[in-house]
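Here is how the chains run, residue by residue.
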Amino acid sequence: MDELSKSEELQKRTLGEVKICEEAFYLDLKINDGYQAYSKELLRLALLAIAGVSTVWLRIHFDLKPWERPTNSVGCGLLLACYLLTFSAGLSLLHRFWAVDGLAYHLTALRRRIRNKPADDEHLSDEDQAEIDLASRDWRFKYCGWLLIFAGASLGAGLISFVFALQPLMQIGQ
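Just so it is clear, the structure is predicted and the values come from calculations on it, not from any experiment. (Residues numbered from 1 in each chain as written. Predicted model: local features only at pLDDT ≥ 70, side-chain atom pairs only at ≥ 80, totals over all residues. Heavy atoms only, no water.)

> Explanation requested: the nonpolar core in the structure shown.
Core analysis: the largest hydrophobic core is formed by 25 residues, its most contacted members being Val-53, Val-56, Ile-60, Leu-78, Leu-85, Phe-162 and Leu-169. Contributing elements (two or more residues each) for this core: helix H2 (22–63), helix H3 (72–115) and helix H4 (126–166). (Core = buried A, V, L, I, M, F, W, Y, C linked by side-chain atoms within 4.5 Å. Buried < 20%, exposed > 50% of the residue type's maximum accessible area, 1.4 Å probe, protein only. Helix = DSSP H or I, 4+ residues; strand = E, 2+ residues; numbered from the N terminus.)

Set out below in structure tokens:
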């Protein structure tokens, strides 16, 4: 089969049928796994801290006598901690979604460049569409970076709020 017929055969394929260099894409997957692991840890820590806040709240509400219960500052601190930790968990989940979505755009752009289908009356060329996909990928990856920063900051702020909310409780028994 000559080179021209190979190219025409490749252009007739759907994107899912276009093979890419597995070694290069494997490296992309490894990088993505690292970011996903970090996001997963942020999510795990936020959920664990939410469980801790809930435990403290239940102990205050059900175990202490009404005259021993702390002031509203403890409840407000625990509520703030819960909000911040929930925000962190939500941002971590959003990061995981957008990171995978960005990787899908990356894979689509790689396949479009290999297929290299020319433009027709209804569609852009694969090269032009690949550039659009890469711009979408870049936007998603930049967005993911900000999501990780805010998720980490929210987790830290939630834990600090939790610690400060516990401070008046340490003085109840004294």
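Now that the structure is up, let's keep going.
> Help me understand a nonpolar patch on the surface, please; the structure alone is not making it clear to me.
Taken together, the side chains of Trp-57, Leu-58 and Phe-62 present a nonpolar region at the surface, about 350 Å² in accessible area. With respect to the helices and strands, the residue Phe-62 is situated in helix H2. (Patch = residues over 30% accessible without salt bridge, like charges linked within 9 Å, V, L, I, M, F, W, Y side chains within 5 Å. Areas by Shrake-Rupley, 256 points an atom, 1.4 Å probe, with all protein chains shown as cover. Salt bridge = Lys/Arg side-chain N within 4 Å of Asp/Glu carboxyl O.)

> Even after reading the chapter, I still don't get the packing of aromatic side chains, so can you show me in this structure?
How two aromatic rings sit relative to each other is set out by the distance from centre to centre and by the angle between their planes. Applying the stated criterion across every chain, the model contains five aromatic pairs. Chaining the aromatic ring pairs together yields one cluster made of Phe-97, Trp-98, Trp-139 and Tyr-143. (Phe/Tyr/Trp six-rings, centres within 6.5 Å; stacked < 30°, edge-to-face > 60°.)

> Just to check I follow, could you spell out the pattern of salt bridges for this structure?
In a structure, side chains of opposite charge can pair up when their charged atoms sit close to one another. All told, the structure shown has eight salt bridges when counted by the stated rule. Between Arg-140 and Asp-101 there is a salt bridge whose closest N-O contact spans 2.5 Å. Of the two residues, Arg-140 is situated in helix H4 and Asp-101 in helix H3; the sequence distance between them amounts to 39 residues. The buried category is assigned to Arg-140, whose relative accessible area is 12%. Judged by its relative accessible area of 21%, Asp-101 is partly exposed. A salt bridge links Arg-113 to Glu-127; its shortest N-O distance comes to 3.2 Å. With Arg-113 in helix H3 and Glu-127 in helix H4, this residue pair connects regions lying 14 residues apart in the sequence.

> I would appreciate a short explanation of the environment of Leu-84 in the present structure.
Structurally, Leu-84 is set in helix H3. Separated by 70 residues in sequence, Leu-84 and Ser-154 have C-alpha atoms that sit 5.4 Å apart. Not counting residues within four places of it along the chain, the set of residues in contact with Leu-84 comprises Ser-154, Ala-157, Gly-158 and Ser-161. (Contact = heavy atoms within 4.5 Å.)

> Any chance you could explain the side chain of Ser-92 here in plain terms?
Counting through the fold element by element, Ser-92 comes out in helix H3. Residue Ser-92 is classed as buried on the basis of its relative accessible area of 0%. Beyond its immediate stretch of four places on either side in the chain, Ser-92 contacts Ser-39, Leu-42, Leu-43 and Ala-151.

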